[in-house]
Structures are given as C-alpha cells and as structure tokens.
Amino acid sequence: MMVIAGIFVIVAGFLLRFNPLVVVAVSALVTGVAAGLDPIRILSAFGKAYNDNRFVTAIYIVLPVIGLLERFGLQVRARALIANLKGATTGRLLIAYMVFRQLTAAAGLTSVAGHPQTVRPLIAPMAEAAAEAQTGDKSQSEHVKAMAAATDNVGLFFGEDIFIAIGSVLLMKGVLEGYGIAVEPFQLSAWAIPTAVTALMVHGFRLIRLDWQLKRRAAA
C-alpha cells in the first residue's frame, strides 16, 4: 500500500499550488522509494519514460512558430476576419470548431488542433471578436475564452475514443480482458459514437445559450 503514497503527494502538491512539474517528479521519486527501488533504478525509469515519450517534446518546436505568428499579428487578423463575417456569432463559431475537433480526433488526429496550436492564437480571439460584435463591449472576454477552451476539451475528449487505436480504448480492452470479458477495439469505438453525439448536443446547447446571453446583454 505504500506504493500509492505518490498519489497523496500529487494531491497535496496540487492543493498547495506547487509547481506541477516538481510535484510529479517528487511523486514519482516517492513511489520508487516506496517500491524499494534504489536511486539508480529510479533515474533509469525516468530516462526510459522520457525516451519512450520523446515525441511529446515536439510541441516545443511548434511553440516558437506560434509565437512568431502572434508577434506578426495572427490574433489581430483572426479578430478582423470574424468581425467582417455577417451572421457569425460566438456560439456558431465554437460549434463549428467542436465538430471539426471531434471529427479530426475520431480520425486519430488529436494533435492537429489544441490549446496552444489553435485555441489561443485563433479560436479564442475570433470568439472574442464575435462576442464584441454581438454586445459592443469586451466585458465577456474571459467567459468567452473559457468557453473556447472548454469546447476544445469536450471535442477532443469525446471524439478521440472513436479512434480504435487511441490509448483509452486499448486500456479499456485490456482491463475488460483482465476480467474475462472479450471485446474488440472496434466495438468500444462504435459505442463511443452515441456518447460523442450526446456531448456535441449538450455542449452545443451551452454554446447556443451563450449566444442568447450575449444577445440579451446587447439589448440591455
């Protein structure tokens, strides 16, 4: 039972608002010590995990490019584009983005969009511009940005399970097989489709309600 001590370290670290990277590293160290590993084996485990998942660091190549695009007016152009589109609203824009996010995630393209790649430099500024055009002020800016981020989260979370080779589907298959339940990844993916459609409907309603709220604010 001492092996799960790392979980308590993570919970305590996040509650105390410590640096997440430090919290995770200390948690792994505590777990290794509790499992009876010596420092060399713990360090070796860290190195192997980093080497096996080195593709994750590819984002560090993308970030400078995004920074340069923003430096030369990407957000300004995005806001101007949406401001000039007749009939464009915050809700409609985010619903369209959610459909795109779910479809690409369902095809396994989970990294084609995301918070650093699309939400911050493109979707959030465009949603803000649409909200400003609807209300005439910027008072809803933070709420709109939060909804843009939430849209990406919901679209990815419920869309990626449709892809048969995603980690979550393979994990469920392994757990079920451990209990003697034989199931194919395709069956799990097929059952993820109604869930994804329901998520689209529920979050889509929230986005339509956001448009209603902005419309009422404009009329006030």
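Heads up: these notes are all about the structure in this document. (Residues numbered from 1 in each chain as written. Predicted model: local features only at pLDDT ≥ 70, side-chain atom pairs only at ≥ 80, totals over all residues. Heavy atoms only, no water.)

**Thoughts on the overall build of the protein**
Now for step 1: Helix and strand counts for the protein stand at ten helices and zero strands.
Now for step 2: Listed by position from the N terminus, the elements making up the protein come as α-α-α-α-α-α-α-α-α-α.
Now for step 3: Taking all 220 residues of the protein together, the buried fraction comes to 30%.
Now for step 4: Intrachain contacts of the protein at a sequence separation of at least 6 include 70% that bridge at least 24 residues. (Helix = DSSP H or I, 4+ residues; strand = E, 2+ residues; numbered from the N terminus. Buried < 20%, exposed > 50% of the residue type's maximum accessible area, 1.4 Å probe, protein only. Contact = heavy atoms within 4.5 Å.)

**Quick word on helix α6 (residues 90-106)**
At 3.6 residues per turn, the α-helix brings residues three or four places apart onto the same side.
Now for step 1: Helix length check: α6 (17 residues) gives 24 Å between terminal C-alpha atoms against 24 Å at 1.5 Å per residue, within 8%.
Now for step 2: Every buried residue of α6 is listed here: Thr90, Gly91, Leu93, Leu94, Tyr97, Met98, Arg101, Gln102, Thr104 and Ala105. All buried residues of α6 fall inside an arc of 165 degrees around its axis, so they share one side. Turned more than 90 degrees off the buried face of α6, the exposed positions are Arg92 and Leu103. (Expected span 1.5 Å × (residues − 1). Arc of directions from axis to C-beta.)

**Here's the deal with the side chain of Thr118**
Now for step 1: Tracing the backbone through its elements, the reader meets Thr118 in helix α7 (residues 115-135).
Now for step 2: Taking the relative accessible area as the measure of exposure, Thr118 reaches 14% and is therefore buried.
Now for step 3: Not counting residues within four places of it along the chain, the set of residues in contact with Thr118 comprises Tyr97, Val112, Ala113, Ile123 and Asp152.

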